[in-house]
Every structure is written in structure tokens, then in C-alpha cells.
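Listed below are the residues making up each chain.
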Amino acid sequence: QFHTQQMLTCLKNGSSVICEKPMTGNAEDIDILAKAEKESGKFIAAAIAFIVNYAFYFSEIFRGGIENIPQGQVEAGQVLGMTKRETFFKVVLLRVVKRIMAPMSNEVITLVKDTSLARVISVYEIIWEGEAFIKKGLLWPLFYTGAFFLLFCGVLTLLFRFIEKKLDYYKI
């Protein structure tokens, strides 16, 4: 209880809370802390950080993909009488999507893994919840969180592999 009260006081004062040891508490304490965390804006700060960071990564991937399309493809669209807009959407963008699928899938999987870093600013996430049980001597919740990440990343890998195979109708 004392630990929970100290964390609540810090969160209400706008301070970050980084603990040396996992917190032990009941579900009510965790709900109270999660509510205080949302009110303190740390979740929003973490969400904005991830959104901005990965928006830059994705924009660079798209920029590289667009610049990688040979100029001859654009010229071929113009020769066929397409407008710049039609050329972009019907010629360039289709090839870009095929070329950037591998780096985009890599970044999406990295984003899933990076969400566990939100705990650095005391945002409750799945690893934090698993570590809360270690103090009680229970290691299985932490193994379940690891299995969840492994399973989720595995499903994403299979999904992106399926999409890449579907887009492999011709060689670049």
C-alpha cells in the first residue's frame, strides 16, 4: 500500500516513476495507478513519441521507394497519355508498394517490440504487468508476456510473408 501511495503522489505531481523493484499489489491498486497514469498524460506522451518516430521511418521508406522507381516507368505512362496523377497511382504507386513491403513489415514488427520501452516513462504495458508478479515469486506471467510477443510477432511475420508472396506476381 505504501508503494502504491508513493507512486500515486509522484504521478499526481507530474513526476516520472521508475521503480527498482516490481510493484506488488492487487488489481485495485493497478487500476488506480493506471487511471492516474492516464490523467498525468504519460500514455499520450508515449503514443505521440511512437507516432512521430515511426511516421518519420515510414515516410523515409516511402520516399526511398518512390525515388527507386525508374524514370522510364513514368515516361512510359506519359507516352500512354496518362496524367501525372494517373501515372503516379496506376504505375508508380503499385510498384512502390511491392518494393517497400519488406521494410514496412520490418518496421511494424519493430514497433510491436518497441512498445515495451514505454515502461521507461512508467506507462503500464504488458511487460510491467508481468513483472509485478515476480516479487510474489511467480515467473509464469513474465513467460506468458514473452510468449505473447513471440506469438504476435510470429503472426505478423506470417501475414507479411503472405502479402509479399501475393505481390510477387512479377520480378522487379
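Below, the structure is looked at part by part. (Residues numbered from 1 in each chain as written. Predicted model: local features only at pLDDT ≥ 70, side-chain atom pairs only at ≥ 80, totals over all residues. Heavy atoms only, no water.)

Describing the environment of P70
- Tracing the chain through its elements places P70 in the loop between α3 (42–67) and α4 (71–79).
- Along the chain, P70 and V92 lie 22 residues apart, while their C-alpha atoms are 9.1 Å from each other. (Helix = DSSP H or I, 4+ residues; strand = E, 2+ residues; numbered from the N terminus.)

Section: the packing of α4 against helix α5 (residues 84–114)
- Contact geometry of α4 with α5 gives a least axis separation of 10 Å together with a crossing angle of 155°. As summarised for this structure, α4 and α5 are arranged roughly antiparallel, according to the angle between their axes. Between α4 and α5 lies a crossing whose hand is right-handed. Across the interface between the two elements, Q73, V74, G77 and Q78 from α4 touch T87, V91, V92 and R95 from α5.
- Its residues assigned to classes, the contact of α4 with α5 comprises 3 nonpolar, 4 polar and 1 charged. (Axes fitted to C-alpha atoms, helices over the stretch in contact; angles between N-to-C directions. Parallel < 35°, antiparallel > 145°, perpendicular 65-115°, else oblique. Left-handed = near helix turned anticlockwise from the far one by under 90°. Contact = heavy atoms within 4.5 Å. Nonpolar A, V, L, I, M, F, W, Y, C, P; charged D, E, K, R; others polar.)

Examining the packing of aromatic side chains
- Applying the stated criterion across every chain, the model contains 5 aromatic pairs.
- Ring geometry for F88 versus F89: centroids 5.3 Å apart, planes at 85°, classification edge-to-face.
- Measuring from ring centre to ring centre gives 5.9 Å for F148 and F149, while their planes differ by 65°; the resulting arrangement is edge-to-face.
- What makes F149 buried here is its relative accessible area of 15%.
- By way of ring pairs, the aromatic residues Y54, Y57 and F58 are connected into one cluster. (Phe/Tyr/Trp six-rings, centres within 6.5 Å; stacked < 30°, edge-to-face > 60°. Buried < 20%, exposed > 50% of the residue type's maximum accessible area, 1.4 Å probe, protein only.)

Considerations on the pattern of salt bridges
- Inspection of the entire model under this criterion finds 3 salt bridges.
- The network of salt bridges with common partners includes E60, R63 and E67. (Salt bridge = Lys/Arg side-chain N within 4 Å of Asp/Glu carboxyl O.)

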